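# Structural overview
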Amino acid sequence: MKPLEKRVKEMEERWNANEGIVKKGVEVCSGVELRQLLEGEGVEGSTIAKLEANKVGGSLLMKLNSDAMKNHLNIGLKERLVLIRIIRSWNNKEMVEDKDEQWNNEKVVEWFKQFGFVSAQFIQNLSKLQINGSMLLEMEINDLKELGMDAYGERIEVMNKLDVLRLEQGQMAHSEEVRLRNKMEAMEDQFVERHSEMLVELDNIRRENEKIMKRKRVEDIPNAFLCPITQEIMNTPVFASDGHTYEKAAIEEWFGRRKKTSPLTGAVLRSFKLVPNHSMKSLIQEFIQNNQ
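These lines cover the structure that appears in this document, whether it is placed above or below.

A tally of regular secondary structure across the protein gives 15 helices and 3 strands. Buried residues in the protein amount to 41% of all 292 residues. Long-range contacts, defined here as pairs at least 24 residues apart, represent 62% of the contacts in the protein between residues at least 6 apart. Summed over all atoms, the accessible surface of the protein reaches about 16,300 Å², with 48% contributed by carbon and sulfur.

What follows concerns helix α5 (residues 66-73). Burial in α5 covers these residues: S66, A68, M69 and L73. The secondary structure elements touched by the buried residues of α5 are α3 (45-53), α6 (77-91) and α10 (141-146). Its side-chain oxygen at 3.2 Å from the backbone nitrogen of D67, N65 defines the N-terminal cap of α5. Note on α5: the residue one or two positions beyond its end, N74, has a positive phi of about 60°.

Taken in spatial order, the 3 strands make up an open sheet running β2-β1-β3, and their pairing is antiparallel. The sheet terminates laterally at β2 (245-247) and β3 (275-276), the two strands that pair on one side only.

Now for the side chain of N125. Note that N125 resides in helix α8 (residues 120-129). For N125, the contacting residues outside a window of four places in its chain are L147 and G148.

Although it is not a glycine, K55 sits at a positive phi angle of roughly 55°. Note that K55 resides in the loop between α3 and α4 (58-61). Looking at K55, the relative accessible area reads 71%, which means it is exposed. The phi dihedral of Q130 falls on the positive side, at around 55°, and the residue is not glycine. Inspection of the secondary structure puts Q130 in the loop between α8 and α9 (133-137). Looking at Q130, the relative accessible area reads 43%, which means it is partly exposed.

Our focus in this paragraph is the packing of α5 against α6. At a minimum axis separation of 9 Å, α5 and α6 run at an interaxial angle of 130°. In this view, α5 runs oblique relative to α6, as classed from their interaxial angle. Considering the relative orientation of α5 and α6, their crossing is right-handed. Side by side, α5 and α6 meet where S66, M69 and K70 of the first sit next to R80, L83, I84 and I87 of the second. Residues belonging to the contact of α5 with α6 are distributed by class as follows: 4 nonpolar, 1 polar and 2 charged.

Rules of the game
Going along each chain's sequence as written, the residues are numbered from 1 onward. Confidence filtering applies because this is a predicted model: local features only for residues at pLDDT of at least 70, side-chain atom pairs given and counted only at 80 or more, and all residues used for totals across whole chains, interfaces and linings. Water and hydrogen atoms play no part in the side-chain values, which are based on all heavy atoms of the structure. Numbering of helices and strands runs from the N terminus, with a helix taken as a DSSP run of H or I at least four residues long and a strand as a DSSP run of E at least two residues long. For each residue, the accessible area found with a 1.4 Å probe, counting protein chains only, is set against the maximum for its type, and the residue is called buried under 20%, exposed over 50%, and partly exposed in between. Residues count as neighbours in contact if any of their non-hydrogen atoms are within 4.5 Å of one another. We get accessible surface area from the Shrake-Rupley algorithm with a probe of 1.4 Å; when it comes to residues, only the shown protein chains can shield them. Whenever two N or O atoms come within 3.5 Å, that pair is a polar contact, provided that in protein one can donate a hydrogen and the other can accept it, and provided that, for residues adjacent in sequence, both atoms are side-chain atoms. The pairing criterion for strands is at least two bridges between them, as found by DSSP. Angles run from 0 to 180 degrees between N-to-C directions of axes, and those axes are lines fitted to C-alpha atoms, restricted for helices to the stretch in contact. Here the angle decides the label: under 35 degrees means roughly parallel, over 145 means roughly antiparallel, 65 to 115 means roughly perpendicular, and every other value means oblique. Less than a right angle of anticlockwise turn of the near helix away from the far helix marks a crossing as left-handed, whereas a clockwise turn marks it as right-handed. Any residue outside Ala, Val, Leu, Ile, Met, Phe, Trp, Tyr, Cys, Pro, Asp, Glu, Lys and Arg is labelled polar, Gly included; the first ten of those are nonpolar and the last four are charged.

Pasting the structure below:
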């Protein structure tokens, strides 16, 4: 087996192992398994080092809140919000799902501007940290102070509005959970709505691939970097529940055509969840940079 093929196989095996650890319970995992899980979820190495230096195992990690991460572990706000989202998913025995971020930083900034008292410095801090919708929903009252909102009354007003936003998101999640009793129909609704957008994404990827192909012979491009569906270099690689890696737009388009099976094996997929393959993306980016 070639070195790259071996790395890809190890990557897929590690993802399957991580999913098994989460389902078993992060509280009982070993230190090595916890590091593997955190790396798989894209947590920064400096954050993992702080957790390890402070002897934070799986059981303690699952109980941490934002204040404890800040005061005892010196973890920055953005990484705290990322960790809290991960912990919430793990509490539900799930890996963090890869899904389009409906609220980017610009929309979060616009949401905060509804409050007439928000300062320019606060907005600047939001933009600097690139706070998105997922992070916003995980915020606590002291996080607002860290971003530059000192007045307690103002923070209370924001948190009240944020509670309403969380409730709306929760109701949406509940409706989706009900619809998922018939999973394929729910996936079809979602992907039909995004079908034209996914086709545009795939077209953009093909154009980028054409540029790369002109600089590099096709036979020189590692097969592992090619999406099994499009046979083109992946831009946003994700794991599917069959343990294989695909271009996100391509596998979503596959599901949108009522496909319930693995594109590679033909076996019926146990789930339509997609998880980012951070390691593969790093390898591809390194390859492209070295061949520009």
